[in-house]
Amino acid sequence: MMCQLCGKRPANVCINIDINGNKSQRFICDKCADERKIKENPSGAAILALVNDIRAANLSRQQSESDKNEQAERICKSCGMTYKEFAKTFMLGCEDCYESFEDMIKPLVESITKPSAVSAQSEKPQNDAVPDRNQILKLKLLLKQCVEREDYENAAKFRDKIAELEAGKHEAKNDG
Amino acid sequence: MMDKKDERMFVFKTSVRFFRNVKDVPFVSRFSPDDAEDINRNVKSVCDGEWGEDKYDTLNINKAEKCDILYWCDENCCNVRTGGTEYERMAFTNSAKGTSIVTNESEHILVQSIKDGCDIDSAYKNACETMNALSRRIPFAASEKYGFLTAVPFCAGTAMKAGALVHLPALAMTNGLGKLTERLAGEGANLKPFFGERDVSFGAFYQITNIFTLGITEDETVNYIKTAVDMAIEAEDECRSELVSTKEREIYNIVWRSLGVLAVARRLDLKEFMTHVSNIRMGAELGIIDIDADFADELFLYGQNGYVDRYSVRFSLENEIADDVRARIMRENVAPVLRKMI
Ligand SMILES: [Zn+2]
Ligand SMILES: [Zn+2]
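The structure presented is a predicted model; accordingly, all values stated were derived computationally and were not measured. (Residues numbered from 1 in each chain as written. Chains lettered and ligands numbered in written order. Predicted model: local features only at pLDDT ≥ 70, side-chain atom pairs only at ≥ 80, totals over all residues. Heavy atoms only, no water.)

1. Section: the coordination of the zinc ion (ligand 1)
All names here are of chain A.
Here is step 1: For the zinc ion (ligand 1), every protein donor is listed as C3 (SG), C6 (SG), C29 (SG) and C32 (SG), and the spread of their distances is 2.3 to 2.4 Å.
Here is step 2: Coordination at the zinc ion (ligand 1) is tetrahedral: its four donor atoms span angles of 101 to 119° at the metal.
Here is step 3: As a motif over one chain, the donors of the zinc ion (ligand 1) read C-x2-C-x22-C-x2-C. (Donors = N, O, S within 2.8 Å, 3.2 Å for Na, K, Ca; no water. Tetrahedral: all angles 85-135°; square planar, octahedral: opposite > 155°, others 65-115°.)

The following block contains the structure:
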């Protein structure tokens, strides 16, 4: 098995993850383990960072394999920015880049969107709707954490609960 | 509920930042030096009108000495590139208001307001005043779908980052940060080391910032950060009480030792310095040593690379290595204080 983090060297260190009692494991190479100082008594933050970074590494490896060719060719007609350059610097070239690279920045945009967002500009938050939205936000983050640690059983529970709450909210809106 | 003075023991600074780009002008990686100059001219005239011509300082980041730029960064808790660019980059700073405008960094315009301690409402109010003045004169890039458009797509939407710089030495000592990080994520806030690398902090200073900029209003963002800061303060406060009641001797020893090192050391690298200044700040906060948090915060600024470099230039110490100069500055400031205490 290769290191789940760098994907370059064989994995020979097993890191035990325990997030709120949910246990799982990650396998990384010596060098990565040394760099992050997580061989002995790692801090909670170090563990969390590791879990997140492995997920990000997976995502970018998957992407780089499947759509590499199509993406590399993409170019913004307004400013000449290429996807290659964007992937290197994470800086867009102009306003139109948001449309030119829309499908590629989608995961980024999702990561900064408050879950269960009600369009902030067009709708004034209603007082009795607020607890609902906060609850959904919390559930979504819990769901995300479950998926991260591959706890699909609990993830399913949260997913159903979110669907339930969101359905309830829509009904309420239609009624009003 | 804690009063403002108590919060000051945990919260070093609070800040609100807005990122904006000028409509129909390519972003920084694609615009021309002329575009950059236009932006600077427009921002300057807003500063003149809003603040008054002699009420603010101008720093030409592109031409200034590296140590002056670093010092500006330390004072303003902000990072800018120190190398020269083909286009002009400026910082307009109104120290009285704690507000500054930086142009042509990663975005055309960054407006930032900083307050000492825990005062996010004032930081937000001041940043908004300046934002409003700018938006009356400069049209900003925005779309219906993504809100305000930023070159770095991680903050499109409100293009607002609210944050607090918090001091969490007790949690850091007891491995309590992982749990707090998770709880803050549930409130839409990020916790990361402010000085240092990856998750390893120099001196237990951490930055709390909002994760979300889309699907959220500015007011909500401020409230999220308030909740997150309260959570961090509560967790750290609890942890400190626990430490003092169970490890009183150890904590006293750590604090006094650090004071001693700063008073006599001949060489201090940034990491070691940060650890000691953090310890004595904690000692001041816990009432173990009789100095106030402001003194600790001054020391903190004096030990940063920018101040050390500037000091070397001013007193012609360029042939001494920076770590020796840092130790010299600390001796000058800390030794007299320590002498009075022992
Ligand atoms: Zn590796
Ligand atoms: Zn473009």
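2. Looking at a nonpolar patch on the surface
All names here are of chain B.
Here is step 1: A cluster of nonpolar residues, Y252, W256 and I342, forms a patch on the protein surface that exposes about 330 Å² of accessible area.
Here is step 2: Relative to the elements of secondary structure, Y252 occurs in helix α8 (residues 248-264).
Here is step 3: Take Y252: its relative accessible area is 35%, and that puts it in the partly exposed class. (Patch = residues over 30% accessible without salt bridge, like charges linked within 9 Å, V, L, I, M, F, W, Y side chains within 5 Å. Areas by Shrake-Rupley, 256 points an atom, 1.4 Å probe, with all protein chains shown as cover. Salt bridge = Lys/Arg side-chain N within 4 Å of Asp/Glu carboxyl O. Helix = DSSP H or I, 4+ residues; strand = E, 2+ residues; numbered from the N terminus. Buried < 20%, exposed > 50% of the residue type's maximum accessible area, 1.4 Å probe, protein only.)

3. Here's the deal with the coordination of the zinc ion (ligand 2)
Residues and elements named next belong to chain A.
Here is step 1: Bound to the zinc ion (ligand 2) are the protein donor atoms C76 (SG), C79 (SG), C94 (SG) and C97 (SG), situated 2.3 to 2.4 Å from the metal.
Here is step 2: Coordination at the zinc ion (ligand 2) comes from four donor atoms whose angles at the metal span 99 to 122°, giving a geometry best classed as tetrahedral.
Here is step 3: Written as a sequence motif, the donor residues of the zinc ion (ligand 2) are C-x2-C-x14-C-x2-C. With C79 in the loop between α3 (68-73) and α4 (83-89) and C97 in helix α5 (residues 97-100), this residue pair connects regions lying 18 residues apart in the sequence. In this pair, the class of C79 matches that of C97, namely buried.

4. Observations concerning the side chain of B:S15
Here is step 1: Its place among the elements puts B:S15 in strand β1 (residues 11-20).
Here is step 2: Excluding its chain neighbours within four sequence positions, the residues that come into contact with B:S15 are B:S113, B:I114, B:A123, B:K161, B:A162 and B:G163. (Contact = heavy atoms within 4.5 Å.)

5. Re the pattern of salt bridges
All names here are of chain A.
Here is step 1: Under the definition given, this model contains 24 salt bridges over all chains.
Here is step 2: A salt bridge links K31 to E35; the nearest nitrogen and oxygen atoms lie 3.2 Å apart. Residue K31 and its partner E35 are located together in helix α1 (residues 30-36), separated by four residues, close to a single helical turn.
Here is step 3: Its relative accessible area of 44% is what places K31 among the partly exposed residues.
Here is step 4: Classification of E35 by relative accessible area gives exposed; the value is 51%.

6. Some words on the packing of helix α6 (residues 177-186) of chain B against helix α7 (residues 218-246) of chain B
Residue and element names in this part refer to chain B.
Here is step 1: Look at α6 against α7: their axes get within 10 Å of each other, and the N-to-C directions meet at 160°. Classed by the angle they form, the pair α6 and α7 counts as roughly antiparallel. Regarding α6 and α7, the two cross each other, and that crossing is right-handed. When α6 is examined against α7, the residues L180, R183 and L184 are found in contact with a partner set consisting of A228, M231, A232 and A235.
Here is step 2: Looking at the contact of α6 with α7, its residues break down into six nonpolar, no polar and one charged. (Axes fitted to C-alpha atoms, helices over the stretch in contact; angles between N-to-C directions. Parallel < 35°, antiparallel > 145°, perpendicular 65-115°, else oblique. Left-handed = near helix turned anticlockwise from the far one by under 90°. Nonpolar A, V, L, I, M, F, W, Y, C, P; charged D, E, K, R; others polar.)

7. Regarding the interface of chain A and chain B
Much of the literature gives interface size as the accessible area that the parts lose upon coming together.
Here is step 1: Every contact between the two is made by 39 residues of chain A and, on the other side, 39 residues of chain B.
Here is step 2: Counting the surface lost from both chain A and chain B, the interface buries some 3,400 Å², and carbon and sulfur atoms represent 58% of this.
Here is step 3: Its largest share of buried area at the contact with chain B, chain A owes to A:E95, A:Y98 and A:I112, together 23% of the area lost on that side.
Here is step 4: The tally of links between chain A and chain B comes to three salt bridges.
Here is step 5: When the shortest N-O distance is used, the salt bridge between B:K145 and A:E102 registers 2.6 Å.
Here is step 6: Here chain A is connected to chain B by 13 residue pairs in polar contact (both at pLDDT 80 or more). (Buried area = accessible area lost by both parts, 1.4 Å probe. Polar contact = N/O pair within 3.5 Å; in protein donor to acceptor, adjacent residues only side chain to side chain.)

8. Here's the deal with the packing of aromatic side chains
Here is step 1: Scanning the model with the defined rule gives 17 aromatic pairs over all chains in all.
Here is step 2: Residues A:F86 and A:F101 carry aromatic rings whose centres are separated by 6.3 Å and whose planes lie at 10° to one another, so their mutual orientation is stacked. In this pair, A:F86 is assigned in helix α4 and A:F101 in the loop between α5 and α6 (102-111), connecting sequence segments 15 residues apart.
Here is step 3: For A:F101, a relative accessible area of 0% puts it in the buried group.
Here is step 4: The interplanar angle of 45° and the centroid separation of 5.8 Å between the aromatic rings of B:Y71 and B:Y307 together place this pair among those described as tilted. Of this pair, B:Y71 sits in helix α3 (residues 66-76) while B:Y307 sits in helix α11 (residues 305-314), and the two are 236 residues apart along the sequence.
Here is step 5: For B:Y71, a relative accessible area of 13% translates into the label buried.
Here is step 6: A connected cluster of aromatic rings, assembled from ring pairs, spans A:Y83, A:F86, A:F90, A:F101 and B:F154.
Here is step 7: Cation over ring: B:K13 sits above B:F12, and NZ or CZ is 5.7 Å from the ring centre. (Phe/Tyr/Trp six-rings, centres within 6.5 Å; stacked < 30°, edge-to-face > 60°. Lys NZ or Arg CZ within 6 Å of the ring centre and 35° of its normal.)

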